[in-house]
Number of protein chains: 2
Amino acid sequence: MIEVFKTRHIGFCYGVKRAIELVLEERGRSSERIYTIGPLIHNPQVVEILKSKDVIVEEDVRRIEKGTVVIRSHGIKKEEELFLKEKGLKIIDATCPFVKRVRRFAEELKKEGYRVIIIGDPNHPEVQSVLSYLDNDGIVLDQYKKIKGKRLGVVCQTTEDMEKFLDITKRLIEEGKEIKVFNTICKITRIREKEAQNLSRKVDLMLVVGGRISSNTKKLYRVVKRINPNTYHIETERDIDLIWLSNKSKIGITGGTSTPEILIENVIKFVKGLGGSHG
Amino acid sequence: MIEVFKTRHIGFCYGVKRAIELVLEERGRSSERIYTIGPLIHNPQVVEILKSKDVIVEEDVRRIEKGTVVIRSHGIKKEEELFLKEKGLKIIDATCPFVKRVRRFAEELKKEGYRVIIIGDPNHPEVQSVLSYLDNDGIVLDQYKKIKGKRLGVVCQTTEDMEKFLDITKRLIEEGKEIKVFNTICKITRIREKEAQNLSRKVDLMLVVGGRISSNTKKLYRVVKRINPNTYHIETERDIDLIWLSNKSKIGITGGTSTPEILIENVIKFVKGLGGSHG
């Protein structure tokens, strides 16, 4: 008999929901092609559905000649935004307000004369966006490194791992003199992590549902796996290897902030179908 | 056979040396009684020598009617300083410049609208001095406590334990939004701690020489004892219990920043006298 449990907060977060709503509203208004600069959110299933509505992912802003352009939830680079504006294209800004907050704090720190440090993944579009708004006059740290400068200003990627962020900041304070820190980690991802960690203590196996490249899903997976080693990151139920479930009776399910609830419900249905339904 | 080793940095630090020199200079100039508000430094042997030169410890500023008043290395309260000035007494300010730096940063943070947090011992005169310069509008934390307020400004006692300071700060950042931190731990006490910890790894027993109430000596003792459990805090060689030394051949010696070198040399002489002389 298999029992299935899910975490309380599930489905899209505020910023993701808002981004999708903005695009769908525009779809209702216009029949022109809509472009998103990079994937709107880091969930391939959602991106696929949008594609069927003629919402197309375009990585290179220079290749867009007409239509509406949507700035994705993670934000784009300052120079890209300027380019789109100069070209006179219709722009819909779906940047997550919490990402904009990181940018605002980083710019404020720079203005105040701090050497700005962004703790996060240098390859993530959010981090690249923040850095571009500093005219690249900032340092991205994915791990601790000694930084010169008496006055350091610190922000972090909204989906950064709290422990990692605190550890790097702690070491900067240890070496440094004056440090101004904005804890810009998104609260809801923290709440979801804690819920998922709590659930993972009570189950035999945890499934974390979300995009392979979704930063917050990957982090959710990592922090849950620390507690329960039987944790797997899947995009849909098709990624489930049945061998994982042998001799497991209590299954916990959670998902990233860009994972649609329907994908999670599909996983639940699939798992319940394997051995009875409870939870 | 007993071998004795001492750490490289020993004797008075800059602030202590300066405080003593200021008092002795004044003694050379004037034959009037000199008062220090609280002990000039936290070393009873030095305070005793000063007493023999008519430099008297007075805790209550209101009881001083004439003579010269010395503000001790740890600083005094703002209201005490104002009182002395109003009374027109001759004041010699021997406050350690690094303590003044803590006060300056704390005042700056308050002016900028931060809720000011002083990490340190609420009973230590340095911390009380810093707090008084904020007109008591600050919070002293000796351990982590959740603090309300979106903008927190943090300083710490110059002799605070780095790990404790970083741990409390880390937790404030975890809970908080915007935190501005000045790492005001005195560099030389850190260097001395590291030297003493390194030495303690190579010896059978460590003796930490310094005043019983000396904050930096107590901390030195604590951080060394973490590494080598055979560590003892003594004021002079008279505090040594011979049983500590039985079967010990390598003895390490270090001292606080308010410990005169002569006291350390006396300890070395005593220990060497017990079993030969090397090191």
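Quick summary incoming for the structure in this document. Only a predicted model underlies this, so the values are computations on that prediction, with no experimental measurement involved. (Residues numbered from 1 in each chain as written. Chains lettered and ligands numbered in written order. Predicted model: local features only at pLDDT ≥ 70, side-chain atom pairs only at ≥ 80, totals over all residues. Heavy atoms only, no water.)

Turning to the packing of aromatic side chains, a few remarks are in order. Residue and element names in this part refer to chain B. Within this structure, the stated rule accounts for 4 aromatic pairs over all chains. Note on Phe 105 and Phe 182: the rings are 4.0 Å apart at their centroids and 5° apart in plane angle, and the pair reads as stacked. Separated by 77 residues along the polypeptide, Phe 105 in helix H4 (residues 97-111) and Phe 182 in strand S9 (residues 178-182) bring together distant segments of the chain. The class for Phe 182 is buried, based on a relative accessible area of 1%. Considering the side-chain rings of Tyr 232 and Trp 244, the 3.8 Å spacing of their centres and the 5° angle between planes classify their relative orientation as stacked. (Phe/Tyr/Trp six-rings, centres within 6.5 Å; stacked < 30°, edge-to-face > 60°. Helix = DSSP H or I, 4+ residues; strand = E, 2+ residues; numbered from the N terminus. Buried < 20%, exposed > 50% of the residue type's maximum accessible area, 1.4 Å probe, protein only.)

It is worth spelling out helix H1 (residues 14-29) of chain A at this point. An α-helix turns once per 3.6 residues; consequently, residues spaced three or four apart project the same way. With 16 residues, H1 of chain A extends 23 Å from end C-alpha to end C-alpha; this agrees with the ideal 22 Å at 1.5 Å per step. Next to the buried residues of H1 of chain A lie strand S2 (34-37), helix H2 (44-52), strand S3 (55-58), strand S4 (68-71) and strand S5 (90-93) of chain A. (Expected span 1.5 Å × (residues − 1). Contact = heavy atoms within 4.5 Å.)

If you look at the interface, chain A gives 20 residues, while chain B gives 20 residues. Summing the contributions of chain A and of chain B, the shared interface buries around 1,900 Å²; its carbon and sulfur component is 53%. Taken together, the links from chain A to chain B amount to 6 salt bridges. Between Lys 170 of chain A and Glu 163 of chain B there is a salt bridge, with the nearest N and O atoms lying 3.7 Å from each other. Inspection of the region where chain A meets chain B yields 14 residue pairs in polar contact (both at pLDDT 80 or more). Broken down by secondary-structure element, the contributors of at least two residues to the side of chain A that touches chain B are helix H6 (162-175), strand S9 (178-182) and helix H7 (187-202) of chain A. Residue contributions to the side of chain A that touches chain B peak at 8 residues, all from H6 of chain A. (Buried area = accessible area lost by both parts, 1.4 Å probe. Salt bridge = Lys/Arg side-chain N within 4 Å of Asp/Glu carboxyl O. Polar contact = N/O pair within 3.5 Å; in protein donor to acceptor, adjacent residues only side chain to side chain.)

Once that is clear, we can look at the environment of Ile 188 of chain B. Residues and elements named next belong to chain B. One can find Ile 188 in helix H7 (residues 187-202). Taking C-alpha positions, Ile 188 is 7.5 Å from Cys 13, a pair spaced 175 residues apart along the chain. The residues contacting Ile 188, other than those within four sequence positions of it, are His 9 and Cys 13.

Placing chain A over chain B gives an RMSD of 0.0 Å and needs a rotation angle of 180°, together with 0.0 Å of translation along the axis. Those values place the two copies in the arrangement expected of a two-fold rotation axis. Taking C-alpha positions as reference, the residue of chain A nearest the rotation axis is Lys 180 of chain A, located at 2.0 Å. (Least-squares fit on C-alpha atoms with pLDDT ≥ 70 in both.)

Our focus in this paragraph is the environment of Lys 110 of chain A. All names here are of chain A. With respect to the element layout, Lys 110 can be found in helix H4 (residues 97-111). You can call Lys 110 partly exposed: its relative accessible area is 30%. Residues Lys 110 and Ser 215, 105 residues apart in the sequence, show an inter-C-alpha distance of 26 Å. When residues no more than four places from it in sequence are discounted, the contact partners of Lys 110 are Val 116, Leu 134, Asp 135 and Asp 137.

Another aspect to go through is a nonpolar patch on the surface. A cluster of nonpolar side chains, Leu 242, Phe 270 and Leu 274 of chain A, forms an exposed patch at the surface whose accessible area comes to about 250 Å². Locating Leu 242 of chain A in the fold gives a position in the loop between strand S11 (231-234) and strand S12 (250-255). (Patch = residues over 30% accessible without salt bridge, like charges linked within 9 Å, V, L, I, M, F, W, Y side chains within 5 Å. Areas by Shrake-Rupley, 256 points an atom, 1.4 Å probe, with all protein chains shown as cover.)

Moving on, we come to the sheet that holds S9 of chain A. Taken in spatial order, the 8 strands line up as S7(A)-S6(A)-S8(A)-S9(A)-S9(B)-S8(B)-S6(B)-S7(B) in an open sheet, and their pairing is mixed. Since the sheet does not close on itself, it has two edges, and those belong to strand S7 (139-141) of chain A together with strand S7 (139-141) of chain B, each with one partner. Going across the sheet, the axis of each strand differs from the next one's by a mean of 25°, ignoring polarity. Looking at chain direction, strand S6 (residues 115-119) of chain B and strand S8 (residues 151-156) of chain B are connected through 5 bridges and run parallel. By the bridge assignment for S8 of chain B, Val 116 of chain B is matched with Gly 153 of chain B. Of the strands in this sheet, S6, S8 and S9 of chain B are in contact with H4 of chain B, which crosses S8 of chain B at around 175°. (Pairing = 2+ DSSP bridges. Axes fitted to C-alpha atoms, helices over the stretch in contact; angles between N-to-C directions.)

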